[in-house]
Amino acid sequence: MKVTSQIFLSAFVLIQLSGFSSKITAQKNSKIKVYTTAENTNLKLSLSNDLISKNNTTQQKTATVSIRINTEKTDQTFLGIGGAITDASAEVFAKLSPKKQQEFLTAYYDKNKGIGYTLARTNIHSCDFSSDSYTYVSEGDKELKTFNINHDRKYRIPLIKKAIETAGGKLTLFVSPWSPPAFMKDNNDILHGGVLLPEFAPAWALYYAKFIKEYEKEGIPIWGLTVQNEPMAKQRWESCIYTPEAERDFLKNHLGPTLEKEGLGSKNVIIWDHNRGDMLEKRANLVFSDPEVSKYAWGIGFHWYETWNGGPPQFESVAKVHEAFPNKNLLFTEGCIEKFDAAKYQFWGNAERYGTNIIHDFNNGTVGWTDWNILLDQNGGPNHVGNFCFAPIHADTTKDELIYTPMYYYIGHFSKFIRPNAKRVLETVNDKSLLSTSFKNSDGKLITIVMNQSEKEIVYSLENQKEKTTITIPAHAIQTIVY
């Protein structure tokens, strides 16, 4: 198949790093634009209008799949897409040359030259993706008199500031704790689970408020926070267990009131922040059905690691929460490809895992999607417990090189084109061989993402009330259609 492609002007770096040498050509004055990323081709977020079938010519093809968009029926409002700016990401970033640092920032946060991230997450003191464990207070300081964020000023805060600047001055940032300080827990250990001791609940709630205020003094606005990262997982790294009732009571009696008292009542609080699954039965019902605690909760966050035991992703649990509590928000707060292996940098299945999850999550009511580390090194770290994993972009710090994985491009098919405040538009797809989701941006542009995981190209028709277009999607490919 002959395809005329245009890599975004933004992405000269991407072409260079990925070895692409396709001719960049302009395609102007087209009402519809198709952008494609496909395995075993030079298409990487490439303008590929040659994949549109021409009517009444020998190029006309017959569609085998129909995607019908109903612009009159909409669902959730889009918040954003982004990734976590962890200690690990910031430490790796600091090892890059200024030229590579700028390339990296542009690749993620520039909406014209990169993929336009608008959402971010960061950790409240250490997590597994830190070089060591640390807190912001001296051991035993219940009154938090020693609280300071000096640790973060070396690497993490400078990177967050640069990301905000590159994103045009605004980045929706939420924060998450992995564990209270050791002295506040029953196991006297910042690692290995344990629970928050009741007598330290007021101090721990104030800890969040102090963190938010200190970051905002640095010129970093905090949009929201989660109560606890993965509250049902006893990990060998920073972790803390909250039963559903414990999380409810902490939010109701301590965190919510403390945020209000400290003038932070407008911050958006997210419960759960753990895997899909029994979110409705185990968390959402308990919190959202209680007016005295629900008033503090903006919504519920979730991860994708429920597949750890070999089962399928439980997208239906997202749909159940959205159906039961349509006025609450669903936010994907973390996901990554586990078990780092440098031989799999370009493994296409990793990207397809992203595409599948993002499409299903949006189609079930999710308002935003947050990847895990935005950057890791050539070892999948640093990580102080050896829990190495993949990121969409890796840096080989020994060579001062950035390595773009297919995951980066797949995420970009969503983040670059769907902009904050877009509305999801309902659609129907008559064949399961393709996955699709659609949004309408506030400027009126329709955005449809189509994904083909099969071994063969597929011809499909994209229809709305005004027009019908026939498009070919290559094997193992993802497309964004702007119209």
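The structure this text deals with has already been given above.
Not measured: the values here are computed from a predicted model.

Re the side chain of N123
Okay, so step 1: Structurally, the position occupied by N123 is in strand β6 (residues 119–124).
Okay, so step 2: A distance of 3.2 Å separates polar atoms of two side chains, one belonging to N123 and the other to D87.
Okay, so step 3: Apart from the residues within four sequence positions on either side, N123 is in contact with I85, T86, D87, S130, Y134, Y136, R156, S176, W178 and F211.

Topic: the packing of aromatic side chains
Okay, so step 1: Following the criterion strictly, the structure yields 37 aromatic pairs and no others.
Okay, so step 2: With centroids separated by 5.5 Å and ring planes inclined at 80°, the aromatic side chains of F183 and F200 adopt a geometry described as edge-to-face. On the criterion of sequence distance, the pair formed by F183 in the loop between β7 (172–177) and α6 (201–217) and F200 in the loop between β7 and α6 is long-range, its members being 17 residues apart. Side by side, F183 and F200 carry an identical accessibility label, which is buried.
Okay, so step 3: A centroid spacing of 5.7 Å and a plane angle of 65° characterise the contact between F340 and Y345, whose relative ring orientation is edge-to-face. The burial state of F340 is the same as that of Y345; both residues are buried.
Okay, so step 4: Among the aromatic residues, those joined into a cluster by ring pairs are Y134, Y136, F147, W204, Y207, Y208, F211, Y215, Y242 and F250.
Okay, so step 5: Its guanidinium or amino end placed over the ring of F200, K142 lies 5.5 Å from that ring's centre, counting from NZ or CZ.

Here we look at the sheet that holds strand β8 (residues 224–226)
Okay, so step 1: Spatial ordering of the closed barrel is given by β5-β6-β7-β8-β9-β10-β11-β12, a layout of eight strands whose pairing is parallel. Across the sheet, the mean angle from the axis of one strand to that of its neighbour is 25°, orientation sign disregarded.
Okay, so step 2: For β8 and strand β9 (residues 268–275), the ladder comprises three bridges, and the chain directions are parallel. Its bridge partner lying in β9, T226 is registered against I270.
Okay, so step 3: Of the strands in this sheet, β5 (80–84), β10 (297–303), β11 (329–334) and β12 (366–373) are in contact with helix α11 (residues 348–363), which crosses β12 at around 155°.

Quick notes on the rules
- Residues numbered from 1 in each chain as written.
- Predicted model: local features only at pLDDT ≥ 70, side-chain atom pairs only at ≥ 80, totals over all residues.
- Heavy atoms only, no water.
- Helix = DSSP H or I, 4+ residues; strand = E, 2+ residues; numbered from the N terminus.
- Polar contact = N/O pair within 3.5 Å; in protein donor to acceptor, adjacent residues only side chain to side chain.
- Contact = heavy atoms within 4.5 Å.
- Phe/Tyr/Trp six-rings, centres within 6.5 Å; stacked < 30°, edge-to-face > 60°.
- Buried < 20%, exposed > 50% of the residue type's maximum accessible area, 1.4 Å probe, protein only.
- Lys NZ or Arg CZ within 6 Å of the ring centre and 35° of its normal.
- Pairing = 2+ DSSP bridges.
- Axes fitted to C-alpha atoms, helices over the stretch in contact; angles between N-to-C directions.

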